[in-house]
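Given next are the chains, with one letter for each unit.
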Amino acid sequence: MHADDDRLGAHLVHPDSPVQGLLRQASRLEGIQKMLRDWAREPLASSLRIANEREGVMVVYVDSAAAHTQLRYRQQEMLQLLRNGLGNPSLSLEIKMRPASQG
């Protein structure tokens, strides 16, 4: 085993490592995604994605202009769900069109 492998392994298992921080954030966003999909129901549910949460702002991507309009219409309801579910009364929401895939 190479010394670099030992350091990499330490990053994967140490609870304070940046890798573990990323894994915790990914798991948190996955839980928020599930909460929103349960709330939104189809067809809107499959059109939205949690992109990130940073500095008290939840960033949500939508697939289409129709989904964007529908989510804007329900924005206050969604914001209240997120604030209650995450215990953050000052959380704000940013809704964006998802960038087109490259390739």
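Quick summary incoming for the structure in this document. Just so you know, these numbers come straight off a predicted model, no measurement behind them. (Residues numbered from 1 in each chain as written. Predicted model: local features only at pLDDT ≥ 70, side-chain atom pairs only at ≥ 80, totals over all residues. Heavy atoms only, no water.)

What about the overall build of the protein chain?
The secondary structure content of the protein chain amounts to four helices and three strands. Counted from the first residue to the last, the protein chain has its helices and strands arranged as α-α-β-β-α-α-β. Here the protein chain holds 103 residues, and 29% of them are scored as buried. Of the contacts formed within the protein chain by residues at least 6 apart in sequence, a portion of 50% connects residues at least 24 apart. As displayed, the protein chain offers around 6900 Å² of accessible surface, 54% of which is attributable to carbon and sulfur atoms. (Helix = DSSP H or I, 4+ residues; strand = E, 2+ residues; numbered from the N terminus. Buried < 20%, exposed > 50% of the residue type's maximum accessible area, 1.4 Å probe, protein only. Contact = heavy atoms within 4.5 Å. Areas by Shrake-Rupley, 256 points an atom, 1.4 Å probe, with all protein chains shown as cover.)

Some words on the sheet that holds strand β2 (residues 57-62)
The strand order β1-β2-β3 describes an open sheet built from three strands, whose pairing is mixed. If you trace the sheet from one side to the other, it starts and ends with β1 (48-54) and β3 (92-97), each paired once. Neighbour-to-neighbour, the strand axes of the sheet open up by a mean angle of 25 degrees, direction not taken into account. When β1 meets β2, the two strands line up antiparallel, connected through six bridges. Across the sheet, residue L48 finds its bridge partner in β2, namely V62. Here helix α4 (residues 75-86) sits on the sheet and contacts β1, β2 and β3; the angle it forms with β3, its principal contact strand, is near 125 degrees. (Pairing = 2+ DSSP bridges. Axes fitted to C-alpha atoms, helices over the stretch in contact; angles between N-to-C directions.)

With respect to the side chain of S47
Among the structural elements, S47 can be located in the loop between α2 (18-40) and β1. In contact with S47, other than residues within four places in its own chain, are Y61, V62, D63 and A67.

Focus on helix α3 (residues 65-73)
Along α3, the positions that sit buried rather than exposed are A67, H68 and L71. Along the axis of α3, the buried residues cluster in a sector spanning 100 degrees; they form a single face. In α3, those exposed residues whose orientation departs by more than 90 degrees from the buried face are A65, A66, T69 and Y73. (Arc of directions from axis to C-beta.)

Comments concerning the packing of α2 against α4
Packing of α2 against α4 brings their axes to within 11 Å, and their N-to-C directions diverge by 135 degrees. Taken together, the axis directions place α2 and α4 in an arrangement best described as oblique. Pair α2 / α4 crosses with right-handed handedness. Between α2 and α4, the contacting residues are R28, I32, M35, L36 and W39 on the first element and E77, M78, L81, L82, G85 and L86 on the second. For the contact of α2 with α4, the residue count by class is eight nonpolar, one polar and two charged. (Parallel < 35°, antiparallel > 145°, perpendicular 65-115°, else oblique. Left-handed = near helix turned anticlockwise from the far one by under 90°. Nonpolar A, V, L, I, M, F, W, Y, C, P; charged D, E, K, R; others polar.)

A short note on the pattern of salt bridges
In this structure the tally under the stated criterion is five salt bridges. Of the charged contacts, one joins D38 and K34 as a salt bridge, the two residues approaching to 2.9 Å between their closest N and O atoms. With a gap of four residues between them, D38 and K34 both fall in helix α2, about one helical turn apart. You can call K34 exposed: its relative accessible area is 53%. In this structure, D63 and R98 form a salt bridge, with 2.2 Å as the shortest nitrogen-oxygen distance. (Salt bridge = Lys/Arg side-chain N within 4 Å of Asp/Glu carboxyl O.)

It is worth stressing that arrangement in space is one thing and function is another; only the former is reported here.
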